[in-house]
Amino acid sequence: MKNKTEKLLALLDGQPVIPVLKIGDVAHAVPLARALVAGGLPAIEITLRTPAALDAIRAVAKEVPEAVVGAGTILSGEDFVKAADAGSRFIVSPGSTPELLETAEKSDVPLLPGATTPSEIMVLQARGYEILKFFPAEQSGGLPFLKALASPLAAIRFCPTGGISLKNAPDYLAQPNIVCVGGSWVAPDADIEAGNWQRIEELAREASQLKKR
Ligand SMILES: O=C(O)C(=O)C[C@H](O)[C@H](O)COP(=O)(O)O
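All chains use their own residue numbering, which begins from 1 and follows the written sequence. The model is predicted, so local features are restricted to residues of pLDDT at least 70 and side-chain atom pairs to those at 80 or more, both for listing and for counting; the totals for chains, interfaces and linings are taken over all residues. Just so you know, side-chain values use all the structure's heavy atoms and leave hydrogens and water out.

The protein has the name 2-dehydro-3-deoxy-phosphogluconate aldolase in an unreviewed UniProt entry, where Nitratireductor aestuarii is given as its organism. UniProt positions are given in the numbering used here, feature names are shortened, and annotations may be inferred rather than shown by experiment. The record held by UniProt for the protein lists under Catalytic activity (unreviewed entry) the comment "2-dehydro-3-deoxy-6-phospho-D-gluconate = D-glyceraldehyde 3-phosphate + pyruvate". Its UniProt record gives the protein the following Sequence similarities (unreviewed entry) comment, quoted word for word: "Belongs to the KHG/KDPG aldolase family."

See below:
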């Protein structure tokens with residue numbers, strides 16, 4: 001597990017914000033990934049929330065080698081395997097199940113599993129996880145909650161996601177037990193639909209300049 005934690009950290013490479021993407025049309029995947037890379041956010045999370053998601057992951061893995069493509073909204077072992085086979089280099093889930101964790105343990109692809117309560121966190125810690133997603137961050141108690149976890153659960157670091165924006169991201173990133181934040185704000189649905197890659201590149205640049213790294 002140490003290896004996989006290090007692998008995950010190397011892939012994220014200190015990037016302060018991981019864009020959480022919902023891609024409805026596979027044709028948007030490559031230009032969107034290129035815009036995010038150009039804006040300084042190469043590690044991206046394509047969520048399995050649309051029928052196009054697996055093809056989008058495949059297209060980015062093949063055509064945008066500068067990107068570090070990951071998959072999000074992974075709910076089962078089957079999703080994990082499909083996403084990894086499509087070329088995902090890391091996998092993100094909103095929570096965890098024993099079945100998902102068993103599948104992840106057989107793979108070389110690192111998993112960033114979600115947890116919010118001390119008990120969920122302790123179960124994952126006992127299985128060797130040191131970096132967890134904290135989802136939905138704002139709705140689950142946000143920064144005060146994460147600060148309260150830092151002392152009893154000192155070995156765990158978090159990637160909070162859900163309700164994070166350019167406005168509150170700096171406060172999260174200033175907290176030592178936070179590795180990065182995730183957010184959809186850097187790639188708004190309307191800009192993806194309109195092919196507004198320049199604006200997405202600008203939003204990415206703004207986000208990439210927030211601390212950590
Ligand atoms: O389903 C998952 O695996 C997720 O990653 C959930 C997303 O992280 C959030 O839905 C993003 O939240 P917003 O930035 O507030 O839009």
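Picking up where we left off.
## Notes on the pairing of strand S6 (residues 131-134)
Burial along S6 is two-sided: Ile131 and Lys133 facing one way and Leu132 and Phe134 facing the other are all buried. Strands are labelled as partners when DSSP assigns at least two bridges between them. Numbering of helices and strands starts at the N terminus; helices are DSSP runs of H or I of at least 4 residues and strands are runs of E of at least 2. Where S6 and strand S7 (residues 157-160) come together, 4 bridges link them in parallel fashion. Residue Leu132 lies in a different strand from S7, and its bridge partner there is Phe158. Relative accessibility decides the category of a residue: with a 1.4 Å probe and only protein chains considered, values under 20% of the type maximum give buried, values over 50% give exposed, and everything between is partly exposed.

## Points about the nonpolar core
Side chains of nonpolar character tend, in soluble globular proteins, to be buried together. Of all hydrophobic cores here, the largest spans 59 residues; its most connected members are Ile46, Val60, Val181 and Trp185. Non-local contacts of Val60, meaning those with residues more than four positions away in its chain, are made with Ala29, Val30, Ala33, Ile44, Ile46, Pro65, Ala67 and Val69. By size, the runner-up hydrophobic cluster in this structure holds 13 residues, among which are Leu8, Val68, Phe90 and Cys180. The set of buried Ala, Val, Leu, Ile, Met, Phe, Trp, Tyr and Cys residues whose side-chain atoms join them within 4.5 Å is what this entry labels a nonpolar core. Working rule for contacts: check all heavy atoms of both residues, and any pair within 4.5 Å makes them a contact.

## Structural notes on empty space enclosed by the protein
For each structure, a 1 Å grid was placed over the protein atoms alone; sets of points admitting a 1.4 Å probe that cannot get out are labelled cavities, open sets with protein on both sides within 12 Å along at least five of seven lines are labelled pockets, and lining residues have an atom within 4 Å of a point. Grid points are joined across faces, edges and corners, and a volume is the space filled by probe spheres set on the points. As enumerated under the stated definition, the model contains 1 cavity of 30 Å³ or more in all. In this structure, the largest cavity is lined by Met1, Lys4, Thr5, Leu8, Pro110, Leu111, Tyr129, Glu130 and Ile131. For the lining of the largest cavity, the element with the highest residue contribution is helix H1 (residues 2-12), accounting for 3 residues. Partitioned by chemical class, the residues of the lining of the largest cavity number 6 nonpolar, 1 polar and 2 charged. Polarity classes work like this: nonpolar for Ala, Val, Leu, Ile, Met, Phe, Trp, Tyr, Cys and Pro, charged for Asp, Glu, Lys and Arg, and polar for all others, with Gly in that last group.

## Focus: the environment of Leu8
Examined against the element boundaries, Leu8 turns out to sit in helix H1. On a C-alpha basis, the gap between Leu8 and Arg89 in space is 8.7 Å, while along the polypeptide they are 81 residues apart. Apart from residues lying up to four places away in sequence, Leu8 is in contact with Phe90, Pro110, Leu111, Leu112 and Ile131.

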